[in-house]
Amino acid sequence: MFSWLRGSSRAPAAPVAADGSIDGLPVANLSPDSECAACDDPCAAGHPAFPKSLASKIDPSPLRGTMKPYSRQLLILAGSGPQWPERIEEAAHRGSLAHALVHAARAHPAHTDAATIITACDREPSPESESTASEDVSRCSVTEVILLPDFVAIRSLRPEQAPALMDAWASAPPASEALFVALRAAGLDAVPVPDDALVLVCSHARRDRRCGVAGPVLVQELRSVADDLASSPPSASPHPPRVAVHGVSHLGGHKFAGVVAVYPKLAAQPRGIWYGRINPCLARAVVLETALKGAVIPDHFRGASLSPEALAHARSGKGSW
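Read on for a plain summary of the structure. Just so it is clear, the structure is predicted and the values come from calculations on it, not from any experiment.

### Brief notes about the overall build of the protein chain
Along its length, the protein chain carries 8 helices and 12 strands. Out of the 321 residues belonging to the protein chain, those deemed buried represent 55%. In the protein chain, once contacts between residues fewer than 6 apart in sequence are set aside, the share between residues at least 24 apart is 75%. Put simply, the protein chain shows about 13500 Å² of open surface, and 52% of that area lies on carbon and sulfur atoms.

Structure representation (structure tokens):
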């Protein structure tokens, strides 16, 4: 449940539809100076650089289709990139929250077969949540989790509550008031996540050195962009944008580091947008275009999450994703 990649499949670059969208998502409007990925080394704009030794270890092949279709992602708020064991699902101790969530997801028809991804995240649990997150995620027995693309946090979640969470999560439409009703009826402390967007960066060092090297650099640069926007918001913004950036465990596709998943809080159709080969020069575009507008950067697009209904349709062979 923590790790998957669609083997060695290769797909063409993300096609732009007649209406100018990709997979039903708008395409980012990048000005000529908004992307300096091909600029001189060092970057003329002063962006930090990955170590030169990393370049030869990044796969240059097409990114489209290098992730499995999925509909939901759960973040366990515990530990950090250097601490997480290589394979969390195998290292998780009986009695830990990670162990309970993985097994509850595997046993539930709506969450099995990687329809729901379970990932560790270095975000600090809220003060209102009971937590043993200071322990390694493989031993943590109670902490906060975040449900995506719903932007719902479950505080003080315990292993014995994992089956009830999976049932309630599957019983209501994504990002709906009905979901809060179902979760709270199951005895879960469900609250909204206040951020306008979540940007998740693979920084799982023990799983693969490429993301262990690229991830922390990207997290720092993305947070810098998010902090600048919060202090000097765009004139059209009704309030300072709140974009949260976090390191997470294995997202699949380490060979495409930096690997990033972006969740914009869009009311119409909340989705996760996945990228590969993101470097610090692209941080501003990722935040401004994808996190705040839900727009796709085509050259780095790997795919996007689907609604549960669309995922079932795609897996039945009646549709594509």
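### Looking at helix α3 (residues 97–106)
Of all 10 residues that make up α3, 8 are buried, and the element is covered over most of its length. Every buried residue belonging to α3 is among L97, A98, H99, A100, L101, V102, A104 and A105, and all of these are buried. Residues of α3 that are buried in the fold lie against β3 (72–77), α2 (88–91), β4 (116–121), β5 (143–148), β6 (152–157) and α4 (162–170).

### Digging into the side chain of S129
Examined against the element boundaries, S129 turns out to sit in the loop between β4 and β5. We classify S129 as buried; its relative accessible area is 10%. A polar contact is formed between the side chain of S129 and the backbone nitrogen of S156, at a distance of 2.9 Å. Other than its neighbours up to four places away in sequence, S129 contacts T143, E144, R155 and S156.

### Observations concerning the nonpolar core
One finds V199, L222, Y263 and Y275 to be the most contacted residues of the largest nonpolar core, which totals 59 residues. Examining the composition of this core, we find that 9 residues originate from one element, helix α6 (residues 209–231), more than from any other. Contact partners of Y275, with chain neighbours within four places excluded, come to G258, V259, V260, V262, V286, T290, A295, V296, I297, H300, F301 and R302. Membership of the second largest hydrophobic core comes to 35 residues, among which are I88, C140, L165 and A182.

Each value, and the rule that gives it
- Along each chain, numbering runs from 1 in the same order as the chain's sequence is written.
- Reporting in this predicted model follows two pLDDT cut-offs: at least 70 for local features of residues, and 80 or more for side-chain atom pairs to be given and counted; totals over whole chains, interfaces and linings ignore these cut-offs and use all residues.
- The basis for the side-chain values is all heavy atoms of the structure; hydrogens and waters are excluded.
- Secondary structure counts use DSSP, requiring at least four H or I residues in a row for a helix and at least two E residues in a row for a strand, with both numbered from the N terminus.
- Buried, partly exposed and exposed residues are distinguished by accessible area as a fraction of the type maximum, computed with a 1.4 Å probe on protein chains only: under 20%, between the cut-offs, and over 50%, respectively.
- Only heavy atoms enter the contact rule, under which two residues are in contact if any of them lie within 4.5 Å.
- Every accessible area reported is derived by Shrake-Rupley at a probe size of 1.4 Å, with residue values counting cover from the shown protein chains alone.
- Here a polar contact means two N or O atoms within 3.5 Å. Within protein one must be a hydrogen donor candidate and the other an acceptor candidate, and residues neighboring in sequence count only if both atoms are side-chain atoms.
- Buried residues of nine kinds, namely Ala, Val, Leu, Ile, Met, Phe, Trp, Tyr and Cys, make up a nonpolar core once their side-chain atoms join them within 4.5 Å.

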